[in-house]
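# Structural overview
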Amino acid sequence: MVKQYKAELKDISGNITKESSSLFVAPIMIGGQNFNVVLDTGSINLWVPKIGSKDIVNITNHYDPKKSTASSSTSETFEIQYGTGSTKGNYYSDYVSFISGAAYNLLFGAATETVFNVKGADGIMGLAKDYKKYMYSAIWTLSAKKYIPNKSFSFKYLEKDDVQMYIGGEHPDFNDTENTASCQLLKKSVYDNLLWTCKLYSFGLIRSDLKQNITAKCGYNFLFDTGSNVMRLPKETLNLLNSQLSKFDCSIEKEKDTQYITCPINSIPDIFIEVGDHYFIIKGNEILSSADAPNKRRLRIQFMELQISLIGQPFFRYFHTKFDYENNLLKFHTKNKSSMIYSYAKPSNDEARHFDPDNILVNWLNEDTIKIIAAVSICVAVLFVVIVIVR
């Protein structure tokens, strides 16, 4: 039993590799067999493919019940439909080791059919909030059996885009209040109870060099989903921005039922979202799609008909994040100069919200600009001293 979280951290936490798919992919062991699973806050279940399963793509590792003396099948079946892909099979129980250290007897899915294509991954470990069937959630089961002190978890980026996951607590960096923000989770619908959702108040683009921004007021629920490598917003958001895009020489491109914002390569705007009482800003050149025309680039944001909007790895790559179940909130901490959290006084109502780029420009200069300003300031100071001495 875990009495102090920090003392037992290595039992169920460690380094997570970020594959080229831009998703969190973590190594785990089930019944002494190795797997790599996507850590997905947008779903509940832990599952891996069973030996003999029908795989649409080539999955490296398959669970073989015969290789584990602790393996036990159940009469329960599962069938899951994701935004892209699906899986179905039977539930088993076996000992599961999270990344390194101790193993815990948990329920998991052994898939007999999968439509799944994530480079470097065999299955999925769901991290959504599950209020009723906690036995299907690894985090909930670990908490219910007192293996971890609570159901919260957090991600911290390390060097070279590796990630460290903390289960049952938070990284010490979250004790630093500078560049830290949070948003209260919603509890108004089935989706909100199940998923990690906050309210998105606005979305927009900003050009610091022009001291201009374009903004679309939103006011809808927003899923924070580590299992997605894109940001998805309703088409209505793009419609609100459309008439303003010419300010930045940007335009709209359509691909099937999805629309994108495309901008000249030499004038990519930064993006911002307003959640809670904070603006989260990410440099635009950090979230570009790789397959574009030579002189134009596409922002990795999809505008489409949606049941629920979501934000994926284009956001999580630049903020350390805590999923705080106990306090019903999400907590964020800036990773580096590619992102920024800008706080403002809480408005009296939604209509009073206003994004003012002039207030943040002093904090949103890139590192090279800061160095130039510092060098010029030193030169001016030295020149002033020389003038005084000569006089």
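Just so you know, the residues in each chain are numbered from 1, in the order the chain's sequence is written. Reporting in this predicted model follows two pLDDT cut-offs: at least 70 for local features of residues, and 80 or more for side-chain atom pairs to be given and counted; totals over whole chains, interfaces and linings ignore these cut-offs and use all residues. In computing side-chain properties, one takes all heavy atoms of the structure into account and sets aside hydrogens as well as water.

## Focus on the overall build of the protein chain
Operational definition: Strands here mean DSSP runs of E at least two residues long; helices mean DSSP runs of H or I at least four residues long; both are numbered from the N terminus. What makes two residues a contact is simply this: any of their non-hydrogen atoms within 4.5 Å. Per-residue and other accessible areas were derived by the Shrake-Rupley procedure at a 1.4 Å probe size, with only the shown protein chains allowed to occlude residues.
A tally of helices and strands in the protein chain yields seven helices and 24 strands. In the protein chain, the proportion of contacts linking residues at least 24 apart, taken out of those at least 6 apart, comes to 66%. If you sum the accessible surface of the protein chain, you get close to 18,900 Å²; carbon and sulfur atoms cover 49% of it.

## Structural notes on the packing of aromatic side chains
Worth spelling out the cut-off: The rule is short: rings of Phe, Tyr and Trp, with Trp giving its six-membered ring, pair when the centres are within 6.5 Å, and they are stacked under 30 degrees, edge-to-face over 60, tilted in between. Buried means the residue's accessible area, taken with a 1.4 Å probe over protein chains only, is under 20% of the maximum for its type, while exposed means over 50%, and partly exposed covers the values in between. Charge-over-ring placement is defined geometrically: NZ (Lys) or CZ (Arg) within 6 Å of the ring centre, and within 35 degrees of the ring normal.
Taken as a whole and judged by the stated rule, the model has 26 aromatic pairs. For the pair Phe203 and Phe303, a centre-to-centre distance of 6.2 Å together with 70° between the ring planes defines the contact as edge-to-face. Taken together, the positions of Phe203 in strand E12 (residues 197-207) and Phe303 in strand E20 (residues 301-304) put the pair 100 residues apart, joining distant regions of the chain. Residue Phe203 is classed as buried on the basis of its relative accessible area of 0%. Each ring, one from Phe315 and one from Phe319, has its centre 4.7 Å from the other, and the planes form 25°; the classification is stacked. One exposure class covers both Phe315 and Phe319, and it is buried. Chaining the aromatic ring pairs together yields one cluster made of Phe24, Phe153, Phe155, Trp196, Phe222, Phe224, Phe280, Phe315, Phe316, Phe319, Phe323 and Phe332. Cation over ring: Lys151 sits above Trp140, and NZ or CZ is 4.8 Å from the ring centre.

## Brief notes about the environment of Ser309
When you line up the elements, Ser309 lands in strand E21 (residues 309-311). Residue Ser309 is classed as buried on the basis of its relative accessible area, which comes to 4%. Each C-alpha atom of the pair Ser309 and Phe222 lies 5.0 Å from the other, and the pair is 87 residues apart in sequence. For Ser309, the contacting residues outside a window of four places in its chain are Tyr220, Asn221, Phe222, Leu223, Arg232, Leu233 and Pro234.

## Some points on the nonpolar core
Put simply, the test is: Each nonpolar core is a collection of buried residues, namely Ala, Val, Leu, Ile, Met, Phe, Trp, Tyr and Cys, held together in the definition by side-chain atoms within 4.5 Å.
Judged by nonpolar contacts, the single largest core of 74 residues is most densely connected at Phe203, Phe224, Ile261, Ile273 and Phe315. Membership of the second largest hydrophobic core comes to 22 residues, among which are Val25, Ile80, Tyr91 and Tyr136.

## Considering the layout of surface pockets
Defined as follows: Both cavities and pockets are sets of points on a 1 Å grid over the protein atoms alone; in a cavity a 1.4 Å probe fits but cannot get out, in a pocket the set is open with protein on both sides within 12 Å along at least five of seven lines, and lining residues sit with an atom within 4 Å of a point. Grid points are joined across faces, edges and corners, and a volume is the space filled by probe spheres set on the points. Here the term charged refers only to Asp, Glu, Lys and Arg, the term nonpolar to Ala, Val, Leu, Ile, Met, Phe, Trp, Tyr, Cys and Pro, and the term polar to all other amino acids, Gly among them.
Each pocket or cavity is described by its volume, and for the largest pocket that value is around 1,100 Å³. Lining the largest pocket we find 36 residues, and of these Asp40, Tyr82, Gly83, Thr84 and Asp225 sit closest to its centre. Looking at the lining of the largest pocket, the elements that each hand over two or more residues are strand E3 (33-40), strand E5 (72-81) and helix H3 (190-194). The residue inventory of the lining of the largest pocket, partitioned by class, reads 19 nonpolar, 14 polar and three charged.

## Points about the environment of Gln244
Cut-off, in case you're wondering: Think of a polar contact as two N or O atoms within 3.5 Å of one another; within protein, one of them needs to be a possible hydrogen donor and the other a possible acceptor, and neighboring residues in sequence only count if both atoms come from side chains.
Turning to its location among the elements, Gln244 is positioned in the loop between helix H4 (235-242) and strand E15 (251-255). Distance in space between the C-alpha atoms of Gln244 and Thr215 is 8.6 Å, their sequence separation being 29 residues. Ignoring anything within four residues of it in the chain, the contact list for Gln244 reads Ile214 and Thr215. At a separation of 3.2 Å, a polar atom in the side chain of Gln244 contacts the main-chain carbonyl oxygen of Leu240.

## A look at H4
Inclusion rule: By construction, the arc corresponds to the directions joining the helix axis to the C-beta atoms.
Within H4, burial applies to Lys235, Thr237, Leu238 and Leu241. Down the axis of H4, the sector holding all buried residues measures 155°, keeping them to one side.

## Some details on empty space enclosed by the protein
The gaps left among the atoms become clear once a water-sized probe is rolled over them. For the structure on display, the rule yields two cavities of 30 Å³ or more. Space inside the largest cavity adds up to approximately 50 Å³. Around the largest cavity sit Leu127, Ala128, Lys129, Ser137, Ile139, Trp140, Lys151, Phe153, Trp196 and Tyr325, which together line it. By residue class, the composition of the lining of the largest cavity is seven nonpolar, one polar and two charged.

## Examining the state of the cysteines
Definition in use: Two cysteine sulfurs form a disulfide in these notes if their separation is within 2.5 Å.
For the structure shown, the criterion picks out two disulfides. Through a disulfide, Cys183 is tied to Cys198; the S-S separation comes to 2.1 Å. The sign of the 65° torsion about the S-S bond sets the Cys183-Cys198 disulfide as right-handed. A residue pair is termed long-range when its members are at least 10 positions apart, and Cys183 in strand E11 (residues 180-184) and Cys198 in strand E12 qualify at 15 residues. For the pair shown, Cys183 and Cys198 are each scored as buried. Disulfide partner of Cys250: Cys263, at an S-S distance of 2.0 Å. Handedness here is read from the sign of the S-S torsion; for Cys250 and Cys263, about 110°, the answer is right-handed. Of this pair, Cys250 sits in the loop between H4 and E15 while Cys263 sits in strand E16 (residues 258-264), and the two are 13 residues apart along the sequence. We note that Cys250, like Cys263, is buried. Cysteine pairing in the protein chain follows 1-2, 3-4, where each cysteine in a disulfide is numbered by its order in the sequence.

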